[in-house]
Amino acid sequence: MPENKDPNNTDEPSGISVFKDWMLILATIVIVGLDQLTKYLVREYMSYGQSIPETGFFRLTYYTNSGTIFGLFPNIPVILTIASVVAIVCLIYFYRTQKNVGVWLRVSIALLLSGAIGNFIDRVSMGEVTDFIDVGMWPVFNIADSAITCGIFLLLLVTVVLPELGKSKERKESEIPSDQS
């Protein structure tokens, strides 16, 4: 029996939504995997404090961080671990409660989730986060930190600055009044 569709209903068909959810999950897994692999390689093949090359604007420098992104709020691992769990739960809740999630909003959520999960894994397994990307005068950071930073900027862009980027194409087309040509 054919399904009656309400033309005002802008929810995606379940097949499309599931596919896009899998794409978000896959992107998150790939970024977390890359983050964890690079941190493992740094811990395995570099000495603490070692920089490759020894001087220069861009280096790989093995460092650990008990705080948040860029070393803020050090030495409170229990609070940061709890905050990571809360952030992950809030991101999932935010994502699941959005009626019309476009590709850029999915990307921002994937970046934020993967960064939070990547650093959460380090905190739980080692009590601190492995950092290794050393650029100019910035504090040493890692792929998870980069994902969080990019995810925050992208989330602000698609929710505040250009909210139409955060909506799916199907939704944007359905918002055009039918009497306009």
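Conventions adopted
Numbering of residues starts from 1 in each chain and follows the order in which that chain's sequence is written. pLDDT decides what is reported in this predicted model: residues at 70 or higher carry local features, side-chain atom pairs at 80 or more are listed and counted, and totals for whole chains, interfaces and linings draw on all residues regardless. In computing side-chain properties, one takes all heavy atoms of the structure into account and sets aside hydrogens as well as water. Strand pairing follows a simple DSSP-based rule, namely that at least 2 bridges must link the two strands. The helix count covers DSSP runs of H or I at least four residues long, the strand count covers runs of E at least two residues long, and both are numbered beginning at the N terminus. Comment: axis = line fitted to C-alpha atoms, over the contacting stretch for helices; angle = value between 0 and 180 degrees taken between N-to-C directions. Orientation categories follow fixed angle ranges, with anything under 35 degrees roughly parallel, anything over 145 roughly antiparallel, 65 to 115 roughly perpendicular, and all other angles oblique. The sense of a crossing depends on the near helix, which, turned anticlockwise from the far helix by less than a right angle, makes the crossing left-handed and, turned clockwise, makes it right-handed. The contact rule is simple, with two residues in contact once any of their heavy atoms fall within 4.5 Å. For this scheme, ten residues count as nonpolar: Ala, Val, Leu, Ile, Met, Phe, Trp, Tyr, Cys and Pro. Four count as charged, namely Asp, Glu, Lys and Arg, and the remainder, Gly too, count as polar. The definition of a polar contact used here is a pair of N or O atoms within 3.5 Å, where within protein one atom must be able to donate a hydrogen and the other to accept one, and adjacent residues in sequence count solely through side-chain atom pairs. Buried Ala, Val, Leu, Ile, Met, Phe, Trp, Tyr and Cys residues that are joined via side-chain atoms within 4.5 Å together make up what is termed a nonpolar core. To sort residues, take the accessible area from a 1.4 Å probe on protein chains only and compare it with the maximum for the residue type: under 20% means buried, over 50% means exposed, and anything in between is partly exposed.

1. A few points about the sheet that holds strand β2 (residues 58–65)
At step 1: The three strands lie next to each other as β1-β2-β3, forming an open sheet whose pairing is antiparallel. Looking along the sheet, the strands with just one partner apiece sit at the ends: β1 (51–52) and β3 (129–135).
At step 2: Pairing between β2 and β3: six bridges, direction antiparallel. Bridge pairing links R59 to D134 in β3.

2. Quick word on the packing of helix α2 (residues 77–97) against helix α3 (residues 103–126)
At step 1: Packing of α2 against α3 brings their axes to within 10 Å, and their N-to-C directions diverge by 155°. With respect to α3, the axis of α2 lies roughly antiparallel. Judged by the sense of rotation from one axis to the other, the crossing of α2 with α3 is left-handed. Within the contact between the two elements, α2 uses P77, L80, T81, S84, V85, I88, L91, I92, F94 and Y95 and α3 uses L105, R106, I109, L112, L113, A116, I117, F120, R123 and V124.
At step 2: Tallied by class, residues from the contact of α2 with α3 come to 16 nonpolar, two polar and two charged.

3. Some details on the pairing of β2
At step 1: Sheet topology places β1 next to β2; two bridges connect them, and they run antiparallel. If you follow I52 over to β2, its bridge partner there is L60.
At step 2: The hairpin turn running from β1 into β2, its antiparallel successor, is five residues long, and G56 in that turn takes a positive phi close to 130°.

4. Notes on the packing of α3 against helix α4 (residues 143–161)
At step 1: The geometry of α3 relative to α4 is characterised by a closest axis approach of 7 Å and an angle of 150° between their N-to-C directions. Regarding the angle of α3 to α4, the classification is roughly antiparallel. α4 is crossed by α3, and the crossing has left-handed handedness. Contacts from W104, L105, V107, S108, L111, L112, S114, G115, A116, G118 and N119 in α3 reach A144, D145, A147, I148, C150, G151, I152, L154, L155, V158 and T159 in α4.

5. Things to note about the side chain of N65
At step 1: Within the element layout of this structure, N65 appears in strand β2.
At step 2: Side chain to side chain, N65 and D131 meet in a polar contact 3.5 Å long.

6. Digging into the nonpolar core
Soluble globular proteins tend to pack their nonpolar side chains together in the buried interior.
At step 1: Ranked by size, the top nonpolar core spans 17 residues in total, and within it L24, L91, Y95, L105, I109, L112 and L113 carry the most contacts.
At step 2: When near neighbours in sequence (up to four residues on either side) are disregarded, L24 contacts Y95, R106, I109, A110 and L113.
At step 3: M46, Y62, F132 and I133 belong to the second-largest nonpolar core, a separate cluster that totals eight residues.

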